[in-house]
Amino acid sequence: MSNPIYLAVDLPDLARATALVQQVRGHIGGVKLGLEFFCAHGHHGVHEIAKLGLPIFLDLKLHDIPNTVAAAMQAIHVLEPAIVTIHAAGGRAMMEDAKAAAGAHTRVVAVTMLTSLDDTDIARIGYSGTAHDNVLRLADLAHQAGLDGIVCSGQEVGAVRQQWRDGFFVVPGVRPASAVLGDQKRAVTPRQARDAGASVLVIGRPIARAENPDQAARDIMATL
Ligand SMILES: O=C(O)c1cc(=O)[nH]c(=O)n1[C@@H]1O[C@H](COP(=O)(O)O)[C@@H](O)[C@H]1O
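Per chain, residue numbering runs from 1 following the sequence as it is written. Thresholds applied to this predicted model are a pLDDT of at least 70 for local features of residues and 80 or more for the giving and counting of side-chain atom pairs; totals over whole chains, interfaces and linings are not thresholded and use all residues.

Per an unreviewed UniProt entry, the chain carries the name Orotidine 5'-phosphate decarboxylase and comes from Blastomonas natatoria. UniProt positions are given in the numbering used here, feature names are shortened, and annotations may be inferred rather than shown by experiment. Comment text from UniProt for the chain, heading Sequence similarities (unreviewed entry), reads "Belongs to the OMP decarboxylase family. Type 1 subfamily." Taken verbatim from the UniProt record of the chain, the Subunit (unreviewed entry) comment is "Homodimer."

Here is the structure:
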């Protein structure tokens, strides 16, 4: 089994981010760089982390009018990321244009309902239905738009996989049984996410903030 763990490097400091990836790189399958990192270090930062030899997941969660999102996708084309995120709530045309503007080797995946939201939060935003209902609906829209897959929690990925057999499913909000949830509300264990059909597990703090990140990544991999 190839290693499905993408380490979320949510650090604004390039030297610390590089040191962390160097430390765990034998026990992860890729590196996820988010807005915090990209706003601080841009293309240069991505090149520096890419030198360490792992696939790069650029988690920019793009959400704007189709023309703007397509232009942003074109601007990151040269970085050849393995995965890029956009928001499904941007609508079908935005997703279609984002995919058309992405490089052939980049998987474009749509964030459905953030894993930090529960049913109450979702109702307060004004969406009707549960997190589960909304994830299934947005997954269907992303599929129709020709995307490669979606981002959802481990609580929905099994049902999404049933309706989109060959989709690529990114699951964050993953917590080993003993770990603190923090701001994640729809969390499952790495093993549960994998068994339910996740293609990739995004894991940040349980590895990055562990006393020994290298060992933490190994321990998680041993449960899969
Ligand atoms: O797109 C994401 O990666 C994402 C979507 C989502 O619904 N929930 C979510 O937590 N994430 C990201 O996954 C990572 C989770 O980090 P930890 O909670 O520290 O494991 C963070 O970098 C989040 O930005």
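A.B. asks: How do you make sense of the overall build of the chain when you look at a structure like this?
C.D. replies: Counting secondary structure elements, the chain contains ten helices and eight strands. C-alpha atoms define the radius of gyration in this analysis, and the globule rule sets the expected value at 2.2 Å times the number of residues to the power 0.38. In terms of overall dimensions, the chain is globule-like: its C-alpha atoms have a radius of gyration of 17 Å, near the 17 Å expected for 224 residues. Counting only residues that meet the buried cut, the chain has 46% of its 224 residues in that class. Note that contacts rest on C-beta atoms placed from the backbone: two residues are in contact if these are within 7 Å. Within the chain, residue pairs in contact and separated by at least 24 positions form 66% of the contacts whose partners lie at least 6 positions apart. What counts as a helix is a DSSP run of H or I of at least four residues, what counts as a strand is a run of E of at least two, and both are numbered from the N terminus. The burial label depends on the number of other C-beta atoms within 10 Å of a residue's C-beta. Counts of 20 or more mean buried, 12 or fewer mean exposed, and intermediate counts mean partly exposed, with C-beta atoms placed from the backbone.

A.B. asks: I would appreciate a short explanation of the site of the ligand in the present structure.
C.D. replies: Taken together, 19 residues lie near the ligand, and Ala8, Thr115, Pro172, Gly204 and Arg205 sit nearest. Elements with a contribution of two residues or more to the shell around the ligand: β3 (56–62), β8 (200–203) and α9 (205–208). Classes in brief: Ala, Val, Leu, Ile, Met, Phe, Trp, Tyr, Cys and Pro nonpolar; Asp, Glu, Lys and Arg charged; the others, Gly included, polar. Residues that form the shell around the ligand fall into these classes: eight nonpolar, seven polar and four charged. Contact assignment follows one rule, namely that a residue is near a molecule or strand if its backbone-placed C-beta atom lies within 6 Å of it.

A.B. asks: Before we go on, may I ask you to explain helix α4 (residues 92–101) in this structure?
C.D. replies: Residue pairs three or four apart in sequence face the same way in an α-helix, which turns once every 3.6 residues. Residues of α4 that are buried include every one of Met94, Met95, Asp97, Ala98, Lys99 and Ala101, and no others. In this fold, the buried residues of α4 make contact with β3, α3 (66–76), β4 (83–87), β5 (107–111) and α6 (131–144).

A.B. asks: Can you help me understand the packing of α3 against α4 in this one?
C.D. replies: Between two packed helices, the angle of one axis relative to the other and the distance separating the axes together describe the packing. At a closest axis distance of 8 Å, the pairing of α3 and α4 adopts a crossing angle of 20°. In terms of their interaxial angle, α3 and α4 are classed as roughly parallel. Pair α3 / α4 crosses with right-handed handedness. Along the contact surface, α3 presents Pro66, Val69, Ala70, Met73 and Gln74, while α4 presents Ala93, Met94, Asp97, Ala98, Ala100 and Ala101. Looking at side-chain class alone, the contact of α3 with α4 contains nine nonpolar, one polar and one charged residues. Note on method: axes are straight lines fitted to C-alpha atoms, helices fitted across the in-contact stretch only, with angles between N-to-C directions ranging 0 to 180 degrees. Each angle receives one of four descriptions, namely roughly parallel if under 35 degrees, roughly antiparallel if over 145, roughly perpendicular if within 65 to 115, and oblique otherwise. By definition, turning the near helix anticlockwise from the far helix through less than a right angle yields a left-handed crossing, and turning it clockwise yields a right-handed one.

A.B. asks: Any chance you could explain the pairing of strand β7 (residues 168–171) here in plain terms?
C.D. replies: Regular strands place their side chains on alternate faces of the sheet. Should DSSP find at least two bridges between two strands, the strands are taken to pair. Inspection of the sheet shows strand β6 (residues 149–151) paired to β7 by three bridges, in the parallel sense. Within β7, the position partnered with Gly149 by the bridge is Phe168. Two strands pair when backbone bridges link them, and β7 and β8 are joined in this way by two bridges, in the parallel orientation. When the sheet's bridge partners are listed, Val170 is paired in β8 with Val200.

A.B. asks: Help me understand the nonpolar core in this model?
C.D. replies: Burial of nonpolar side chains together is a common tendency in soluble globular proteins. We call a set of buried Ala, Val, Leu, Ile, Met, Phe, Trp, Tyr and Cys residues a nonpolar core when their C-beta atoms link them within 7 Å. Grouped together as the largest cluster of nonpolar side chains are 70 residues, with contacts concentrated most on Leu7, Ala98, Ala110 and Val171. The residues contacting Ala98, other than those within four sequence positions of it, are Leu62, Val69, Ala70, Met73, Ile86 and Val108.

A.B. asks: Looking at this structure, how should I read the packing of helix α1 (residues 14–24) against helix α2 (residues 35–50)?
C.D. replies: Following both chains from N to C, one finds α1 and α2 inclined at 45°, their axes separated by 11 Å at the closest point. Classified by the interaxial angle, the pair formed by α1 and α2 is oblique. Regarding α1 and α2, the two cross each other, and that crossing is right-handed. Mapping the contact onto sequence places Leu14, Ala17, Thr18 and Val21 in α1 and Phe37, His41, Gly45, Glu48 and Ile49 in α2.

A.B. asks: Where do I start with the UniProt feature "active site" (unreviewed entry) in the chain in this structure?
C.D. replies: Mapped onto this numbering, the UniProt entry annotates "active site" (unreviewed entry) at Asp59, Lys61 and Asp64. Relative to the helices and strands, Lys61 resides in strand β3. On the basis of neighbour count, Lys61 is assigned to the partly exposed category, with 16 C-beta atoms found within 10 Å. Not counting residues up to four positions away in its chain, the partners in contact with Lys61 are Thr85, Ile86, His87 and Val111. Looking at where Asp64 falls in the secondary structure, it is placed in the loop between β3 and α3.

A.B. asks: What's the story with the pairing of strand β1 (residues 5–9) in this structure? I'm lost.
C.D. replies: The element β1 is largely enclosed, with a buried count of five among its five residues. Side chains of β1 alternate between two faces, with Ile5, Leu7 and Val9 and Tyr6 and Ala8 buried alike. Pairing analysis gives four bridges linking β1 to strand β2 (residues 30–34), with the strands arranged parallel. Note that in β2 the partner of Val9 across the bridge is Leu33. Look down the strands so they point away from you; if going from the first strand over the helix to the second traces a clockwise path, that crossover is right-handed. Once you follow β1 into α1 and on to β2, the crossover reads as right-handed.

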